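Summary of the model geometry
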Amino acid sequence: MTEAIPEALLPIHSAAVVGAGTMGAGIAMALANAGIPVLLKEADQAALDRGLGNARLNYANSVKHGRFTQQFVDERLALIAPTLAYEGFGSVDLVIEAVFEGMQLKKEVFRQLDEVCKPGAILASNTSTLSIDEIASAVSRPEFVVGTHFFTPPNVTRLLEVVRGKQTSPEVIATCLQLARKLGKVGVVVGNCMGFVGNRMFIPYHREVQFLIEEGATVEAVDGALTAFGMGLGPLATMDMVGLDVARRIRQEHAQETGIRQPFVEDRLCALGRYGRKTNAGWYKYDQQRRPMLDPEVAELIRKWAAEEGIVPRQISSQEILDRCLWSLVNEGARILEEGYAKSVSDIDTIFVNGYGFPASRGGPMKYADSVGLNVVYHRVSDFYREYGEIWSPAPLLKQLVEQGRSFYE
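So, here's what we can say about the structure.

Cut-offs applied
- Just so you know, the residues in each chain are numbered from 1, in the order the chain's sequence is written.
- The predicted origin of the model limits local features to residues at a pLDDT of at least 70 and limits the giving and counting of side-chain atom pairs to 80 or more, whereas totals for whole chains, interfaces and linings rest on all residues.
- Neither water nor hydrogens contribute to the side-chain values; these are computed over all heavy atoms in the structure.
- Cavities and pockets are defined on a 1 Å grid built over the protein atoms alone: a cavity is a set of grid points where a 1.4 Å probe fits but cannot escape, while a pocket is an open set with protein on both sides within 12 Å along at least five of seven lines, and lining residues are those with an atom within 4 Å of any such point.
- Grid points are joined across faces, edges and corners, and a volume is the space filled by probe spheres set on the points.
- The numbering of helices and of strands both runs from the N terminus, where a helix is a DSSP run of H or I of at least 4 residues and a strand a run of E of at least 2.
- Only Asp, Glu, Lys and Arg are considered charged, only Ala, Val, Leu, Ile, Met, Phe, Trp, Tyr, Cys and Pro nonpolar, and every remaining residue, Gly among them, polar.
- Per-residue accessibility, obtained with a 1.4 Å probe over protein chains only, is compared with the maximum for each type, and a residue is labelled buried under 20%, exposed over 50%, and partly exposed between these values.
- The pairing criterion is simple: DSSP has to find at least two bridges between the two strands.
- Handedness is read with the strands pointing away from the viewer; a crossover is right-handed when the path from the first strand over the helix to the second is clockwise.
- For helices, the fitted axis covers only the stretch in contact; all axes are lines through C-alpha atoms, and the angles between them, taken along N-to-C directions, range from 0 to 180 degrees.
- Contact criterion: two residues are considered in contact whenever any of their non-hydrogen atoms come within 4.5 Å of each other.
- In what follows, a disulfide is any cysteine sulfur pair within 2.5 Å.
- These descriptions rest on fixed angle ranges, namely under 35 degrees for roughly parallel, over 145 for roughly antiparallel, 65 to 115 for roughly perpendicular, and the rest for oblique.
- Helix crossings fall into two classes, left-handed where the near helix is turned counterclockwise from the far one by less than a right angle and right-handed where it is turned clockwise.

Approximately 300 Å³ is the volume found for the second largest pocket. Every residue lining the second largest pocket is counted, 19 residues in all, and those nearest its centre are Ala217, Thr218, Ala299, Ile302 and Arg303. Going through the elements one at a time, α7 (198-215), α8 (219-229) and α12 (296-308) are the ones with two or more residues in the lining of the second largest pocket. With 7 residues, the top contributor of residues to the lining of the second largest pocket is α12. Of the residues contributing to the lining of the second largest pocket, the split by class is 13 nonpolar, 2 polar and 4 charged.

In structure tokens:
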């Protein structure tokens, strides 16, 4: 259930994006596709050229496959104005920051935006995990600061998480929801916690994927189990698309708890320069058309690293892969519901169907858990808790619903 849009909306006739990486360039394309003129800023010419080059390549592929006409593409590219300075930012209605996922960098960008942007301009962050309230502390107008969390690739993926900070005004939230509609996206309002809703749930899912790999499951077995279930992409292919370096940066930004098992394979792949599609090597290797292929070198590295960590490989069934991946999502989703960071269970499912490739036919992770039976889910989560410890502690809401004989949607 997405939030109703009240009458009071702020005009969005022009916009700017700070950062021309994969996300920033894609967000600029999404804005231009909706007819909104957009400034695209980078710190240096080479990075700006790369961002524009990626946008042109994406548009060229769209023309090639008949999604856009060349005239449409020419008109959209004309709406994207590259810049190395904040000149022109004083007149735009909306700025979306899309720089690297580091709090100090983002706060510095917002301090600069606070100085150059006009009163009433919306200052939005595309952060995927960081606190909107802390980012807002860098400006004199926190009521105009909001999270607009786009998903990879932002010019295609339909989801937009609109992250409400403590001081974000209702008018700003309403305007961002209306903007989502104008961009052809599904906007869902979420609370401000680490990872918000989607990534907060994806983090334990991603953790279990790596643990399964370390314990003996193969890359093809893990991705195969999830795609056979109906996921649009397997989790490892997804990480290659997002960028392994992006996930590493998030792990570095957020202090890890000591004494709790942490996955290690992805960080070690990053150390070898394997970031995913962008380097033509990650969990998979890629040809010039960015088509994935299994890489025997990765399989050998995983065996070597697991042995060094004293992990004895074992046969892991497809059912165990599904149970550990899907129920880690649901268990965290139950916590999010209980803590009030999602307004409804249907919002969680909307996020996963539209942003993470969860099969719509199964209704989303929470609806799917209801269909299986929460007693089944709870007992499996409890099994994993006994086997793997605190990271699998059953969510209190999940336990409560089972005891009451109720489902999430009830």
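Side chains Leu94 and Ile96 of strand β4 (residues 94-97) all project onto a buried face; the interleaved residues Val95 and Glu97 project onto the opposite face, where all are buried too. When strand β1 (residues 15-18) meets β4, the two strands line up parallel, connected through 4 bridges. Residue valine 18 lies in a different strand from β4, and its bridge partner there is glutamate 97. Remark: the β4/helix α4 (residues 103-116)/strand β5 (residues 122-125) crossover connection has right-handed handedness.

This brings us to the sheet that holds strand β7 (residues 159-163). Ordered by their spatial adjacency, 8 strands build an open sheet running β3-β2-β1-β4-β5-β6-β7-β8, and the pairing between neighbours is mixed. Single-partner strands in this sheet number two, and they are β3 (80-83) and β8 (186-190). Going across the sheet, the axis of each strand differs from the next one's by a mean of 25°, ignoring polarity. Note that β5 and strand β6 (residues 145-150) share 3 bridges and pair parallel. Looking at the pairing, leucine 123 lines up with valine 145 of β6. Relative to β1, helix α1 (residues 22-33) is tilted by about 170°, and along the sheet it contacts β1, β2 (38-41), β3, β4 and β6.

Okay, the state of the cysteines next. Applying the stated rule across the entire model yields 0 disulfides. Just so you know, cysteine 325 is unpaired, no disulfide at all, and the nearest cysteine sulfur is the one on cysteine 270, 19 Å from it. Assessed through its relative accessible area of 0%, cysteine 325 is described here as buried.

This part covers the packing of α1 against helix α2 (residues 45-64). The contact between α1 and α2 brings their axes to 9 Å, and the two run at 55°. Classified by the interaxial angle, the pair formed by α1 and α2 is oblique. Considering only the axes of α1 and α2, their crossing is right-handed. Along the contact surface, α1 presents Ala25, Met29, Ala32 and Asn33, while α2 presents Gly51, Ala55, Asn58 and Tyr59. Looking at the contact of α1 with α2 residue by residue, the class counts come to 5 nonpolar, 3 polar and no charged.

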